[in-house]
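Breakdown of the fold
So the chains spell out like this:
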Amino acid sequence: MSADFAALLQTIAAEVTALPPEGDVADYIPALARVAPDQFGIAVATVDGRLFRTGAADTPFSIQSISKLFALALALQREGDALWRRVGREPSGTPFNSLVLLERERGIPRNPFVNAGALVITDVLCRRFLQPERAVLEFVHRLLGRTSVGIDADVARSERRHSDRNAAIAHFMRSFGNLQAEVGAVLDAYCAHCAIAMSCAELAEAALFLAADGRQPGGARVLDAADARRLNALMLTCGAYDAAGDFAFRIGLPTKTGVGGGILAIVPGRLSVCAWSPRLDANGNSVAAAEALERFAAAAGVSIFG
Ligand code: DON
């Protein structure tokens, strides 16, 4: 039986919410600028089926780039290793929405988590599915074993109306032959899957397969064990963009962040944990959620580095 994390989560929530607020909500997607900034939640799901939560752990928020993880897992299921001909596996050392490396690297994105890489993954899904964003959503439903999660249409529309930068990235990759669908279709699907709304508890539960060798506890195989391991490696090295080194140093776990303020972390073999708070640092990662995960990993002694 796993440890009881209830008291630890409460302590962390009390400590982190007592810190002076730092950072700002994402405002380049207007619908996200309206979110109340000082919310905080954290949830832990263990591979032996326990769920611990505190604060606003059941409040749905925009998962944004955390959806890139689900999109990648689904694309890997369908495409297998062929995927890696179109997207790399190296940290970029650049912001998530940067274009600078793409010219030198001939339209091959550094990794599947920077926007360029996630647009390539979404392009793969556009070829495989008539409604790629529904495919990502239904994949999440299968992971959860229920259909309680949806796409926030306002957030999707809001981002789509302000997607010049992602459009530039997509057109640029298309000029190198690394995007097959029409740019508009890829952006529609991408903005929609980024606009999936989920709570900390739902994200922790949905991502458990990454802590359990690619299998949802008690359920179906999602990925083979090797792909689950590789996904964790990518989260560790690339999941927080140019803060990935700092996150490995501070938290010591594979993580995936989103500009909605969520951060999901995996403790292989044991649990998944998701913290959420909307104020972001300059890298687009939640300040309070990172702080909470750092405290959790230290107090629970779960860093992958021992
Ligand atoms: O493409 C974008 O800019 C957003 N849909 C997602 C960015 C994001 O969440 C970056 N992560 N921290």
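To start, this report covers the structure provided alongside it. (Residues numbered from 1 in each chain as written. Predicted model: local features only at pLDDT ≥ 70, side-chain atom pairs only at ≥ 80, totals over all residues. Heavy atoms only, no water.)

**Things to note about the overall build of the chain**
- Scanning the chain for helices and strands turns up 13 helices and eight strands.
- Compactness check: the chain gives a C-alpha radius of gyration of 18 Å against a globular reference of 19 Å for 306 residues, within 12% of the reference.
- Reported as C-alpha extents along the three principal axes, the dimensions of the chain are approximately 55 × 40 × 35 Å.
- Per-residue burial for the chain yields a buried fraction of 58% across its 306 residues.
- Put simply, of all contacts in the chain between residues at least 6 apart along the chain, 69% involve residues at least 24 apart.
- In the form shown here, the chain has an accessible surface area of approximately 12100 Å², with 50% of it arising from carbon and sulfur atoms. (Helix = DSSP H or I, 4+ residues; strand = E, 2+ residues; numbered from the N terminus. Rg over C-alpha atoms; globule rule 2.2 N^0.38 Å. Buried < 20%, exposed > 50% of the residue type's maximum accessible area, 1.4 Å probe, protein only. Contact = heavy atoms within 4.5 Å. Areas by Shrake-Rupley, 256 points an atom, 1.4 Å probe, with all protein chains shown as cover.)

**Some thoughts on helix α11 (residues 225–238)**
- Across its 14 residues, α11 extends 20 Å between first and last C-alpha, which sits within 8% of the 20 Å expected from 1.5 Å per residue.
- For α11, the set of buried residues is Asp-227, Ala-228, Leu-231, Asn-232, Leu-234, Met-235, Leu-236 and Cys-238.
- Packed against the buried residues of α11 are α3 (67–79), α12 (244–250), β6 (255–257) and β7 (262–267). (Expected span 1.5 Å × (residues − 1).)

**Overview of the environment of Thr-59**
- You can see Thr-59 is positioned in the loop between β2 (51–55) and β3 (61–62).
- Taking the C-alpha atoms as reference, Thr-59 lies 30 Å from Phe-129; in sequence the two are 70 residues apart.
- Setting aside chain neighbours within four positions, we find Thr-59 in contact with Gln-39, Met-198, Ser-199 and Trp-276.

**A few points about the site of the ligand**
- Residues in contact with the ligand amount to 15 residues; listed here are only the nearest, Tyr-28, Gln-64, Ser-65, Glu-159 and Tyr-190.
- Note that an oxygen atom of the ligand is positioned 2.5 Å from one of the side-chain N or O atoms of Tyr-190.
- Within the backbone of Gly-284, one N or O atom sits 3.1 Å away from a nitrogen atom of the ligand.
- Of the residues contributing to the shell around the ligand, the split by class is six nonpolar, eight polar and one charged. (Near = heavy atom within 4 Å. Polar contact = N/O pair within 3.5 Å; in protein donor to acceptor, adjacent residues only side chain to side chain. Nonpolar A, V, L, I, M, F, W, Y, C, P; charged D, E, K, R; others polar.)

**Points about the pattern of salt bridges**
- In the structure shown here, the tally under the stated rule is 18 salt bridges.
- As a salt-bridge pair, Arg-134 and Glu-138 come within 3.4 Å of each other at their nearest N and O atoms. Of this pair, Arg-134 and Glu-138 both sit in helix α6 (residues 132–144), separated by four residues, roughly a single helical turn.
- Assessed through its relative accessible area of 34%, Arg-134 is described here as partly exposed.
- Residue classification places Glu-138 among the partly exposed positions, given a relative accessible area of 35%.
- Of the charged contacts in the structure, one is a salt bridge between Arg-230 and Asp-227, with a shortest N-O distance of 3.0 Å. Of the two residues, Arg-230 and Asp-227 both sit in helix α11, three residues apart, roughly one turn of that helix.
- Overall, Arg-230 belongs to the partly exposed group, its relative accessible area being 40%.
- A relative accessible area of 9% places Asp-227 in the buried class.
- Through salt bridges with shared partners, a single ionic network connects Glu-15, Asp-246, Arg-250, Glu-291, Glu-294 and Arg-295. (Salt bridge = Lys/Arg side-chain N within 4 Å of Asp/Glu carboxyl O.)

**Things to note about the sheet that holds β6**
- Reading across the sheet, the five strands line up as β2-β1-β8-β7-β6 and stay open at both edges, with antiparallel pairing between neighbours. Looking at the sheet topology across the chains shown, the edges are occupied by β2 and β6. If you compare each strand with its neighbour and ignore which way they point, the axes differ by 10° on average.
- Both β7 and strand β8 (residues 271–276) contribute to a ladder of six bridges, which runs antiparallel. (Pairing = 2+ DSSP bridges. Axes fitted to C-alpha atoms, helices over the stretch in contact; angles between N-to-C directions.)

**Things to note about the nonpolar core**
- Membership of the largest hydrophobic core comes to 65 residues, with the highest contact counts inside it found for Ile-63, Phe-70, Leu-72, Phe-113, Met-198, Leu-203 and Leu-231.
- Of the residues forming this core, the biggest block, eight residues, is contributed by α3.
- Taken domain by domain, this core gets at least three of its residues from each of domain 1 (2–63 + 197–300) and domain 2 (65–194).
- Beyond its immediate chain neighbours, meaning those up to four positions away, Leu-231 contacts Leu-69, Leu-72, Ala-73, Leu-76, Phe-113, Leu-210 and Leu-223.
- Of all hydrophobic cores here, the second largest spans 28 residues; its members include Ile-12, Ala-243, Ile-251 and Phe-296. (Core = buried A, V, L, I, M, F, W, Y, C linked by side-chain atoms within 4.5 Å. Domains from an automatic or database assignment.)

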